[in-house]
Amino acid sequence: MGDDIRVRGRTTVEAGAGGTGRVTIKADYTFVYPLVRAAGGDEVARTIIRRVVEVDVPDPARYQVTEGRLWLVAVDSEIGNDLCREGDGFIHPLFDSELSAARQPTGEERDPYDRSKELTGAGRECGTVTRT
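As the structure is a computational prediction, the values presented were derived from the model and not from experiment. (Residues numbered from 1 in each chain as written. Predicted model: local features only at pLDDT ≥ 70, side-chain atom pairs only at ≥ 80, totals over all residues. Heavy atoms only, no water.)

Asker: Mind showing me how you'd approach the pattern of salt bridges here?
Answerer: Pairing between side chains of opposite charge can happen when their charged atoms approach one another. Within the structure shown, the criterion is met by five salt bridges. Notably, a salt bridge pairs Asp 56 with Arg 22, separated by 3.3 Å at the nearest N-O pair. Of the two residues, Asp 56 sits in strand E3 (residues 44-58) while Arg 22 sits in strand E2 (residues 22-36), which places them 34 residues apart along the sequence. Taking relative accessible area as the criterion, Arg 22 reaches 27% and is therefore assigned partly exposed. Of the charged contacts in the structure, one is a salt bridge between Glu 43 and Arg 37, with a shortest N-O distance of 3.5 Å. (Salt bridge = Lys/Arg side-chain N within 4 Å of Asp/Glu carboxyl O. Helix = DSSP H or I, 4+ residues; strand = E, 2+ residues; numbered from the N terminus. Buried < 20%, exposed > 50% of the residue type's maximum accessible area, 1.4 Å probe, protein only.)

The structure is reproduced here in structure tokens:
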């Protein structure tokens, strides 16, 4: 199903704050993955992942830099429609057939497609997505 992944977002480039001789590049993208069970079956669950990566590109005339290297400033992400397991590094999509057995959401409702707000860490809670 890899051909069905949907991506929407933007990359922005701005001068660094305060005339620091840096350029800041920010990538803010939402990925929608249609997932099926590894063991098979016809049920499809959409998992929505928003990833934000911010890097600085320093002016080589002002800083000692290594060509081809960026300065990582921030990385953040938010996952929607996940079983809320923590720490194993895998995404566990929430299938409709598992709704009664799944851990109940504890966070606030949120629209996983809304990129008008900055990621604040609120996505770390097992929140309720308003749409998939």
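Structure shown, so let's carry the discussion forward.
Asker: How do you make sense of the packing of aromatic side chains when you look at a structure like this?
Answerer: In this description, a pair of aromatic rings is defined by centroid distance and the angle of the planes. Tallied over the entire structure, the rule returns two aromatic pairs. Ring centres 6.3 Å apart and planes at 20° place the aromatic pair Phe 31 and Tyr 33 in the stacked group. A centroid spacing of 5.3 Å and a plane angle of 80° characterise the contact between Tyr 63 and Trp 71, whose relative ring orientation is edge-to-face. According to the relative accessible area criterion, Tyr 63 is partly exposed, its value standing at 25%. (Phe/Tyr/Trp six-rings, centres within 6.5 Å; stacked < 30°, edge-to-face > 60°.)

Asker: Where do I start with the pairing of E3 in this structure?
Answerer: A regular strand carries its side chains on alternate faces of the sheet. The pairing of E2 with E3 spans 15 bridges and is antiparallel. Each residue of the ladder has a partner; that of Lys 26, found in E3, is Glu 54. The pairing of E3 with strand E4 (residues 71-80) spans nine bridges and is classified as antiparallel. In the sheet register, Arg 50 faces E4, and the bridge partner there is Glu 78. (Pairing = 2+ DSSP bridges.)

Asker: Help me understand the environment of Leu 35 in this model?
Answerer: Its place among the elements puts Leu 35 in strand E2. Residues Leu 35 and Phe 95 lie 60 residues apart in sequence; the distance between their C-alpha atoms is 9.3 Å.

Asker: Just to check I follow, could you spell out the side chain of Arg 110 for this structure?
Answerer: Here Arg 110 is to be found in strand E5 (residues 109-110). A residue is classified by how much of its surface remains accessible, and Arg 110, at 12% relative accessible area, is buried. Here Ile 79 takes part through its backbone oxygen, which lies 3.4 Å from a polar atom of the side chain of Arg 110. (Polar contact = N/O pair within 3.5 Å; in protein donor to acceptor, adjacent residues only side chain to side chain.)

Asker: For this particular structure, what's the right way to read the sheet that holds E2?
Answerer: Strands pair in a sheet through their backbones, by hydrogen bonds, and they do so in one of two ways: parallel or antiparallel. Strand order in the open sheet made by the four strands is E1-E2-E3-E4, with antiparallel pairing throughout. Lying at the two open borders of the sheet, with one neighbouring strand each, are strand E1 (6-15) and E4. On average, each strand axis in the sheet is tilted by 10° relative to the strand beside it, whichever way the strands run. (Axes fitted to C-alpha atoms, helices over the stretch in contact; angles between N-to-C directions.)

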